[in-house]
Amino acid sequence: MSSLFEQRLMQARACRMCEAHLPLGPRPVLQMAPAARIMIIGQAPGLRVHETGIPWNDPSGDTLRHWLQLSKEQFYNPELLAIMPMGFCYPGRGKSGDLPPRPECAPAWHEPLLEVLPNIELTLLIGQYAQRRYLGRQYKTLTETVRHWREFSPTCLPLPHPSPRNRYWLAKNPWFEQEELPVLRQRVHQVLAGSSFKP
């Protein structure tokens, strides 16, 4: 690993910028290595992820790995996948679920970290916060953005959140599993097949 990469990753993991706003305190959760080919940008860690320090270590992660057709060993190999949420720390609970990711995090950390990840070929944008930052407000809703996934492929794919809460969304939008999911899986494995770390 390059010294600049190590320095920036260490600084991100030591970040305390939002400490006063975090009910359980800061615990940045991210995964990456300079060789990573795929970047996953989600929302923010949930409670279980905060407690374990392991990204996507919850039912949402199980669904995401199923979508990608990757084993846990593959998913948690930082030489293959980088994981960098919009907010690195658990933001706490609101009335209808977890609070949004802290707004300070992505502007402070995303660009410096992306600068030291030169091999990213595919970025998966999971949920509205990641899609708004990286795709802009081209479409009014997450559903519209995800429905137009072909416009952003092959370097970027917008996805709904794989939370169990979204089972109704998936039922109402069968085109996601019928049309985008096969392309997602093909693209993920195509990118990883070019890695020196064979999945």
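Caption draft 1: Here's a closer look at the state of the cysteines. By the definition in use, this model includes zero disulfides. Looking at the unpaired Cys15, the closest cysteine sulfur is the one in Cys18, lying at 6.2 Å. The class of Cys15 is buried, set by a relative accessible area of 15%. Judged by relative accessible area, Cys18 falls into the buried class, the value being 9%.

Caption draft 2: Structural detail: the packing of helix H3 (residues 59-68) against helix H9 (residues 175-193). Where H3 meets H9, the closest approach of the two axes is 8 Å, and the angle between their N-to-C directions is 75°. Looking at the two axes, H3 sits roughly perpendicular to H9. Within the contact between the two elements, H3 uses His66, Trp67 and Leu68 and H9 uses Phe176, Leu181, Leu184, Arg185, Val188 and His189. Residue composition of the contact of H3 with H9, grouped by class: six nonpolar, two polar and one charged.

Caption draft 3: Examining the pattern of salt bridges more closely. A complete count under the given rule lists six salt bridges for this structure. Residue Asp98 is joined to Arg93 by a salt bridge in which the shortest nitrogen-to-oxygen separation is 3.5 Å. On the accessibility criterion, Asp98 (34% relative accessible area) is partly exposed. Judged by relative accessible area, Arg93 falls into the exposed class, the value being 52%. In this structure, Arg102 and Glu104 form a salt bridge, with 2.8 Å as the shortest nitrogen-oxygen distance. Owing to a relative accessible area of 23%, Arg102 belongs among the partly exposed residues under this scheme.

Cut-offs applied
Residues numbered from 1 in each chain as written. Predicted model: local features only at pLDDT ≥ 70, side-chain atom pairs only at ≥ 80, totals over all residues. Heavy atoms only, no water. Disulfide = S-S within 2.5 Å. Buried < 20%, exposed > 50% of the residue type's maximum accessible area, 1.4 Å probe, protein only. Axes fitted to C-alpha atoms, helices over the stretch in contact; angles between N-to-C directions. Helix = DSSP H or I, 4+ residues; strand = E, 2+ residues; numbered from the N terminus. Parallel < 35°, antiparallel > 145°, perpendicular 65-115°, else oblique. Contact = heavy atoms within 4.5 Å. Nonpolar A, V, L, I, M, F, W, Y, C, P; charged D, E, K, R; others polar. Salt bridge = Lys/Arg side-chain N within 4 Å of Asp/Glu carboxyl O.

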